Amino acid sequence: MTDYAVIDPATGETVQSYPTITDEALTAAIASADAAHSGWSRSTSPADRAALIRRVGELHTERREELARIIVREMGKPIEQALGEVDFAADIYGYYADISPDVLADEPVKLLAGEGSAVIRRSSLGVLLGIMPWNFPYYQVARFAGPNLIIGNTILLKHAPQCPESAAAIEQIFADAGFPEGAYVNIYATNEQIEKVIGDRRVQGVSLTGSERAGAAVAEIAGRNLKKVVLELGGSDPFVLLSTDDLDKVVEDAAAARLDNTGQSCNAAKRFIVIDDLYEDFVAKLTASFAATQPSDPTSEESKLGPLSSATAADRLQDQLDRAAAQGVTVHATGERNGNYFAPVVLTDISPEADAYHEEFFGPVASVYRVESEEAAVTLANDTPFGLGSYVYTTDADQAARVADRIEAGMVFVNLVLADGVELPFGGVKRSGTGREMGRLGADEFVNKKLIRVG
């Protein structure tokens, strides 16, 4: 019995299945990671570990074509985007290697009374569990494993069941880079086994990127076991358009922000909130742009839109669209569904009573709303259980500052999209999760911030 298999979403073919880890092997994996923390982590410096992480990044670059082809097979990512993801993962490892001297540096505390000194000294916690999703198989691992291995934590990594081949390739890279046994361990575990891993006394924390349901389940288990948890969950990010000198450029950005990774990105722009006098033209131009971007063979260098990641994902999106239409939402379809291939869709006339008003669409679907004022735009932007990213377009710098300050989200991008960077923290608020990854903040989640006060 196995939960892990590569099923090509473009063809439906099961390429290869992988056996689920046995309970005995899982127990050995935890022990191995714990031993690596007690031995290797404590006997090496951040510089030593950073050198290994730098090599991990270099190996991603050297193997980029092979790695990219794997995730095209696993989840249908267009090949050029797959190559870009591998490159971004390599950059993340390089970034953390570069800033490694600062990651565990002592932080002096200015004393208000008494003699002597005080510092905050950062050190590793121990074994960490990472639970990663299918939509960015390399990038998600890089932003978790990179900083934590430099810190000296060791990693148990459970990847998504549909990404076993990339999971194995990543583990091989860590081994080839020179990491010892137990420093980074790939585990093909079931959800039931993961509950036992989180409860194990040797495991000190868990980081999950995934759905609200998965996040809530993991947080509950972690809470019962008093374990640190970082969660990066769903999003229904607003794209607020209040004014522009170039509507065509805004529409180009809007389409890019929605259709990247075939619309299967937590922080994609999903709800387009447009000021009244731009609304009609925006809807027409966005629909035309979507119509010009049809799904195609993801192995082609020309492909901008591939299939959805699985038949389950495609059926779920179809159900959402069917319910939207039945509840009075206007559906501007730009093409036909063909298996797991979905032509982009624009939705308008979405009432608060419709399911579509509250749901996250994980696919090439844009929901467009008309508003009459800045105040109405902010109110609508915040009328969601999510709070991951957001986008604000305006020619008024003061307005941009006001709106950015009032939007309830972990990230705001003003007049640009697809601007994630290795140095920029990533994370959200509300039901989009807790904690941060990437940037300097991403290296400060799973550390012991120990006070040392000397008299």
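Treat the numbers as computed from the prediction; the structure is a model and nothing was measured. (Residues numbered from 1 in each chain as written. Predicted model: local features only at pLDDT ≥ 70, side-chain atom pairs only at ≥ 80, totals over all residues. Heavy atoms only, no water.)

**Student:** Can you lay out the layout of surface pockets for me, pointing to particular residues and giving the numbers?
**Tutor:** Size it by volume and the second largest pocket reaches roughly 680 Å³. Phe136, Asp260, Asn261, Leu418 and Asp420 are the residues nearest the centre of the second largest pocket, which is lined by 29 residues in total. Ranked by residue count, the leading element in the lining of the second largest pocket is helix H4 (residues 79-98), at five residues. In terms of residue class, the lining of the second largest pocket is made up of 13 nonpolar, eight polar and eight charged. (1 Å grid on protein atoms, 1.4 Å probe; cavity = no way out; pocket = protein on both sides within 12 Å on 5 of 7 lines; lining within 4 Å. Points joined across faces, edges and corners; volume = space filled by probe spheres on them. Helix = DSSP H or I, 4+ residues; strand = E, 2+ residues; numbered from the N terminus. Nonpolar A, V, L, I, M, F, W, Y, C, P; charged D, E, K, R; others polar.)

**Student:** Explain the packing of aromatic side chains residue by residue, including any values.
**Tutor:** The full count for this structure, using the stated rule, is 17 aromatic pairs. Seen in terms of ring centroids, Tyr4 and Tyr188 are 5.0 Å apart; in terms of plane orientation they differ by 50 degrees. Their pairing is tilted. With a gap of 184 residues between them, Tyr4 in strand S1 (residues 4-7) and Tyr188 in the loop between strand S7 (184-186) and helix H8 (191-199) connect regions that are remote in the sequence. For Tyr188, a relative accessible area of 13% translates into the label buried. With centroids separated by 4.8 Å and ring planes inclined at 15 degrees, the aromatic side chains of Phe239 and Tyr393 adopt a geometry described as stacked. Taken as a pair, Phe239 in strand S10 (residues 237-241) and Tyr393 in strand S15 (residues 391-393) lie far apart in primary sequence, 154 residues in all. For the residue pair Phe239 and Tyr393, the accessibility class agrees, reading buried in each case. (Phe/Tyr/Trp six-rings, centres within 6.5 Å; stacked < 30°, edge-to-face > 60°. Buried < 20%, exposed > 50% of the residue type's maximum accessible area, 1.4 Å probe, protein only.)

**Student:** Describe the pattern of salt bridges, and please don't skip the residues or the numbers.
**Tutor:** Applying the stated rule across the entire model yields 30 salt bridges. The partner of Arg55 in a salt bridge is Glu62, with the nearest N and O atoms 2.8 Å apart. Ionic pairing is found between Arg323 and Asp355, a salt bridge with its closest N-O pair at 2.7 Å. Note that Arg323 is positioned in helix H12 (residues 311-326) and Asp355 in helix H13 (residues 355-358), a separation of 32 residues in sequence. Residue classification places Arg323 among the partly exposed residues on the basis of a relative accessible area of 23%. (Salt bridge = Lys/Arg side-chain N within 4 Å of Asp/Glu carboxyl O.)

**Student:** Requested: an account of the sheet that holds strand S4 (residues 117-124), with residues and values cited.
**Tutor:** Strand order in this open sheet of three strands is S3-S4-S18, and the pairing throughout is antiparallel. The open sheet is flanked by strand S3 (107-108) and strand S18 (447-454), the only strands paired with a single partner. In terms of strand pairing, S3 meets S4 through two bridges, oriented antiparallel. When the sheet's bridge partners are listed, Pro108 is paired in S4 with Val119. (Pairing = 2+ DSSP bridges.)

**Student:** I'd like a description of the sheet that holds strand S16 (residues 413-414), backed by residues and values.
**Tutor:** Across a sheet, paired strands are connected by hydrogen bonds in the backbone, their directions being either parallel or antiparallel. A sheet is described by the order of its strands in space; here seven strands give the open sequence S12-S13-S14-S11-S10-S15-S16, paired in mixed fashion. With one partner strand each, in any of the chains shown, strand S12 (330-333) and S16 form the two edges of the open sheet. Across two bridges, S15 lies against S16 in parallel orientation. By the bridge assignment, Tyr391 is partnered in S16 with Phe413. Helix H10 (residues 247-259) rests against S10, strand S11 (269-275), strand S14 (365-371) and S15 of the sheet, and its axis sits at about 155 degrees to S11. The sheet contacts of helix H11 (residues 276-291) involve S10, S11, S12, strand S13 (345-348) and S14, and relative to S14 the element is tilted by about 165 degrees. (Contact = heavy atoms within 4.5 Å. Axes fitted to C-alpha atoms, helices over the stretch in contact; angles between N-to-C directions.)

**Student:** Run through the packing of helix H3 (residues 64-75) against H4, naming residues and quoting values.
**Tutor:** Where H3 contacts H4, the axes come no closer than 8 Å and their chain directions differ by 125 degrees. When the axis of H3 is compared with that of H4, the two are oblique. As for how H3 packs across H4, the hand of that crossing is right-handed. Between H3 and H4, the residues in contact are Arg64, Glu65, Leu67, Ala68, Arg69, Ile71 and Val72 and Ile79, Ala82, Leu83, Glu85, Val86 and Asp87, respectively. The residue makeup of the contact of H3 with H4, split by class, is eight nonpolar, no polar and five charged. (Parallel < 35°, antiparallel > 145°, perpendicular 65-115°, else oblique. Left-handed = near helix turned anticlockwise from the far one by under 90°.)

These results come straight from atomic positions and should not be treated as a statement about function.
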